[in-house]
Amino acid sequence: MIELRDDEPTLGSPLVDELGIAASEQSYTITEGVLEHATKYFWKVRAVYDTTNGGWSETFTFTTKQGAPDKVITLLPQLNEENVSLTPTFEWNTALRAETYTIEISEDELFGSWVIQQTAISDTQFVVENSDLLESAKKYYWRVKAENETGVGNWSDTLNLKTEIVVPTLGTPVEDAVNIETNAELRWGSINGALSFDIQLSETSSFSTTIVDSSAHGDTLFVTPELENSTSYYWR
């Protein structure tokens, strides 16, 4: 006979009070659903004879493992947030029983593929440090799940965001450069996700009139037409 309780051995009714276990058996499997996670239990055994019961064994205890983590609640960036940096910080609430987290960021709402997948995050935030991973002016979906030694929690609700439109960084000629060739080479930094660039060149800082007003330029280099000697120009 075996007896199992979730309280002190002298209190209440046992969860398991099983008779008729064959004498040849030296183990007993508790039915699924009887025990709860992270709970302490007391158990003992005694032998049953034809006409009498033997004395109880000493009482042993055991504690069941914790359950899988709760579902994560995502916080930032918020649903449908726009103008998000290319190096954003993702934040979420602490999930009950969580030890680590996994985040996925994807262009696909169904996460058939992902742009970023980071596992074993010990904090409740994740920073995209490489600005080349996300593209400018693009929509992304993200979600988080928690994990522990027992298992994996459910994915959070999926949120989406749209990244900022990045302003190009001018390269050369640098500001106030002199002795530039009259067929000047204008260079600027690339932008991940940009399809083309518009370029303007003027003799006035207001760009009220332009010498160059070029659209749909696919490169990050533009060679100007022949310019005047010893003349100041503005470009953007």
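Residues numbered from 1 in each chain as written. Predicted model: local features only at pLDDT ≥ 70, side-chain atom pairs only at ≥ 80, totals over all residues. Heavy atoms only, no water.

Draft legend 1. Here's a closer look at the overall build of the protein chain. The secondary structure content of the protein chain amounts to zero helices and 18 strands. Over its C-alpha atoms the protein chain spans a radius of gyration of 34 Å, topping by over 25% the 18 Å that the globule rule assigns to 236 residues. Taken along the three principal axes of its C-alpha coordinates, the protein chain extends 120 × 30 × 30 Å. Across the 236 residues of the protein chain, 31% fall into the buried class. The long-range fraction of contacts in the protein chain, counting pairs at least 24 apart against all pairs at least 6 apart in sequence, stands at 58%. Between the centroid of the 14 positive side chains of the protein chain and the centroid of its 38 negative side chains there is a distance of 10 Å. (Helix = DSSP H or I, 4+ residues; strand = E, 2+ residues; numbered from the N terminus. Rg over C-alpha atoms; globule rule 2.2 N^0.38 Å. Buried < 20%, exposed > 50% of the residue type's maximum accessible area, 1.4 Å probe, protein only. Contact = heavy atoms within 4.5 Å. Lys, Arg positive; Asp, Glu negative; His and termini not counted. Charge placed at Lys NZ, Arg CZ, Asp CG, Glu CD.)

Draft legend 2. How the structure looks around the environment of F111. One can find F111 in the loop between β8 (100-106) and β9 (116-121). Residues F111 and A216, spaced 105 residues apart in sequence, show a C-alpha to C-alpha distance of 32 Å. Here F111 is in contact with E104, S106, Y141, W142, R143 and T158, once residues within four sequence places are set aside.

Draft legend 3. Geometry of the environment of S190. Following the sequence through the fold, S190 ends up in the loop between β14 (185-188) and β15 (197-202). Taking the relative accessible area as the measure of exposure, S190 reaches 65% and is therefore exposed. Taking the C-alpha atoms as reference points, S190 and E32, separated by 158 residues in sequence, lie 59 Å from one another.

Draft legend 4. Spatial organisation of the packing of aromatic side chains. According to the stated counting rule, one finds five aromatic pairs in the structure shown. A centroid spacing of 6.1 Å and a plane angle of 90° characterise the contact between W43 and F60, whose relative ring orientation is edge-to-face. One end of the pair, W43, is in strand β3 (residues 40-45); the other, F60, is in strand β4 (residues 60-63), and 17 residues separate them in sequence. Judged by its relative accessible area of 31%, W43 falls in the partly exposed class. (Phe/Tyr/Trp six-rings, centres within 6.5 Å; stacked < 30°, edge-to-face > 60°.)

Draft legend 5. Representation of the pattern of salt bridges. In the structure shown here, the tally under the stated rule is eight salt bridges. Among the salt bridges present, the one from E135 reaches K138, with a minimum N-O distance of 3.2 Å. Accessibility expressed as a relative area gives 25% for K138, which makes it partly exposed. The shortest N-O distance in the salt bridge between R187 and E185 comes to 3.0 Å. Look at R187 and you get partly exposed, because its relative accessible area is 38%. E185 gets classed as partly exposed once you look at its relative accessible area, which sits at 42%. Here the salt bridges do not stand alone but share partners, grouping E3, R5 and K44 into one network. (Salt bridge = Lys/Arg side-chain N within 4 Å of Asp/Glu carboxyl O.)

Draft legend 6. Just the sheet that holds strand β12 (residues 159-163), in detail. Pairing is mixed in the open sheet, where five strands are placed in the order β6-β12-β11-β8-β9. The open sheet terminates on both sides in strands that have one partner only, identified here as β6 (81-84) and β9. Each strand of the sheet is rotated relative to its neighbour by a mean of 25°, with strand direction disregarded. In the sheet, β8 pairs with β9 via four bridges, with the strands oriented antiparallel. Of the residues in β9, the one forming a bridge with E104 is Q117. (Pairing = 2+ DSSP bridges. Axes fitted to C-alpha atoms, helices over the stretch in contact; angles between N-to-C directions.)

Draft legend 7. Inspection of the sheet that holds strand β16 (residues 212-217) at higher detail. Ordered in space as β16-β15-β18, the three strands form an open sheet in which the pairing is antiparallel. A single partner strand is all that each edge strand has here, and the edge strands are β16 and β18 (234-235). Direction of pairing for β15 relative to β16: antiparallel, over a ladder of four bridges. Bridge assignment links L201 to a residue of β16, and that residue is V212.

Draft legend 8. A look at the nonpolar core. Within the largest apolar cluster, 20 residues are counted, with the highest numbers of intra-cluster contacts made by F90, W92, Y101, I103, I105, F126 and W142. Discounting residues that sit within four places of it in the chain, F90 has contacts with L76, P77, I103, I105, T124, Q125, F126, V128, W142 and L161. Counting 11 residues, the second-largest nonpolar core is a separate cluster that includes A184, W188, F197 and V212. (Core = buried A, V, L, I, M, F, W, Y, C linked by side-chain atoms within 4.5 Å.)

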